[in-house]
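Below, each chain spelled out in residue letters.
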Amino acid sequence: METREQIIEKVRQYLVEVLEPPRPELSGFAACPFVKSERISDRIMYEILDGKSSFVDLVKQFDKSKYTTAIFVQALAPGEAMTQEEGSEYQQFLNAVLKQNGLGKYKNICFNPEQRQNVDGFCPRSLAPYFIVNVAPRKDLARAHKALMKTGYFSNFPKEYREYLNLE
């Protein structure tokens, strides 16, 4: 069984090797153009959603911290996975939980290794080492999205993926 430190290290490695490098499929942008600055300035909170603390408790802890984004690894039983559809439903459920608990200023985005949407064959979420729940302020995500919309970041996204992201 992996230790907490081993799990967090795999997540950091995923950030560095998959989400941070510029990609030709994304018009030369990184899959997540903003994560590198967050990581190198130590503004990411890392935790495991393993039932020891609830999602709401961890987000409240994040809310009171110095961190600007949180990455929670969803613990699953060995061999268990969430389908792409289950992952999307779980993301919607967690966003509803945030709102119901007075934490609606935050939004989560899930990275599911079972996700198959891709841009010219590149599917960064499918390369995640675990099912990851990223929590960040809605205003920061909206600002990042608006900035990316002014670039060629989404130009190679197929229509189905653009629809999935509500870009169409």
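Located above this text is the structure these notes cover.
Values in this document were obtained by computation on a predicted structure and should not be read as measured data.

The rules behind the values
Residues numbered from 1 in each chain as written. Predicted model: local features only at pLDDT ≥ 70, side-chain atom pairs only at ≥ 80, totals over all residues. Heavy atoms only, no water. Buried < 20%, exposed > 50% of the residue type's maximum accessible area, 1.4 Å probe, protein only. Helix = DSSP H or I, 4+ residues; strand = E, 2+ residues; numbered from the N terminus. Pairing = 2+ DSSP bridges. Right-handed = clockwise from strand over helix to strand, strands pointing away. Core = buried A, V, L, I, M, F, W, Y, C linked by side-chain atoms within 4.5 Å. Phe/Tyr/Trp six-rings, centres within 6.5 Å; stacked < 30°, edge-to-face > 60°. Salt bridge = Lys/Arg side-chain N within 4 Å of Asp/Glu carboxyl O. 1 Å grid on protein atoms, 1.4 Å probe; cavity = no way out; pocket = protein on both sides within 12 Å on 5 of 7 lines; lining within 4 Å. Points joined across faces, edges and corners; volume = space filled by probe spheres on them. Nonpolar A, V, L, I, M, F, W, Y, C, P; charged D, E, K, R; others polar.

Description of the pairing of strand 2 (residues 69-74)
Counting buried residues along strand 2, six of its six residues qualify, which places the element largely inside the surrounding structure. In terms of strand pairing, strand 1 (residues 44-49) meets strand 2 through six bridges, oriented parallel. Within strand 2, the residue paired with M45 across the bridge is A70. In this region the chain leaves strand 1, passes through helix 3 (residues 55-63) and returns to the parallel neighbour strand 2; the handedness of that crossover is right-handed. Note: strand 2 against strand 4 (residues 131-137), five bridges, orientation antiparallel. Pairing of Q74 across the sheet is with F131, part of strand 4.

Considerations on the nonpolar core
Core analysis: the biggest nonpolar cluster contains 27 residues, and Y14, L15 and L19 have the highest contact counts within it. Secondary structure elements with two or more residues in this core: helix 1 (4-19), strand 1 and strand 2. The next biggest cluster of nonpolar side chains, apart from the first, holds 20 residues, and it includes L58, Y90, L94 and V133.

Side note on the packing of aromatic side chains
Applying the stated criterion across every chain, the model contains 10 aromatic pairs. Ring centres 5.9 Å apart and planes at 75° place the aromatic pair F29 and Y153 in the edge-to-face group. One end of the pair, F29, is in the loop between helix 1 and helix 2 (35-40); the other, Y153, is in the loop between helix 5 (138-149) and helix 6 (159-164), and 124 residues separate them in sequence. Looking at F29, the relative accessible area reads 26%, which means it is partly exposed. Assessed through its relative accessible area of 7%, Y153 is described here as buried. Here the aromatic rings of F154 and F157 are separated by 5.1 Å at their centres, their planes lie at 65°, and the arrangement is edge-to-face. One exposure class covers both F154 and F157, and it is buried.

Let's talk about the pattern of salt bridges
Within the structure shown, the criterion is met by 12 salt bridges. Here E20 makes a salt bridge to R39, at a shortest N to O gap of 2.5 Å. Here R39 lies in helix 2 and E20 lies in the loop between helix 1 and helix 2, a separation of 19 residues in the sequence. Residue classification places R39 among the partly exposed positions, given a relative accessible area of 25%. Among the ionic pairs, K105 bridges to D63, the shortest N-O distance being 3.0 Å. Remark: D63 occurs in helix 3 and K105 occurs in the loop between helix 4 (84-100) and strand 3 (106-111); sequence separation between them is 42 residues. Here the salt bridges share partners, and the residues they tie into one network are K139, D140 and R143.

Let's talk about the layout of surface pockets
Its boundaries defined by the atoms lining it, the largest pocket holds a volume of some 1500 Å³. If you go around the largest pocket, you meet 50 residues; those closest to its centre are I109, F111, R125, N134 and L141. Secondary structure elements with two or more residues in the lining of the largest pocket: helix 1, helix 2, strand 2, helix 4, strand 3, strand 4, helix 5 and helix 6. At nine residues, the largest contribution of residues to the lining of the largest pocket is made by helix 5. A breakdown of the residues in the lining of the largest pocket according to their chemical character gives 33 nonpolar, 10 polar and seven charged. Estimates place the volume of the second largest pocket at around 630 Å³. Along the walls of the second largest pocket sit 27 residues, with I7, Q74, A75, L76 and Y130 positioned nearest its centre. For the lining of the second largest pocket, the secondary-structure elements that each account for two or more residues are helix 1, strand 1 and strand 2.

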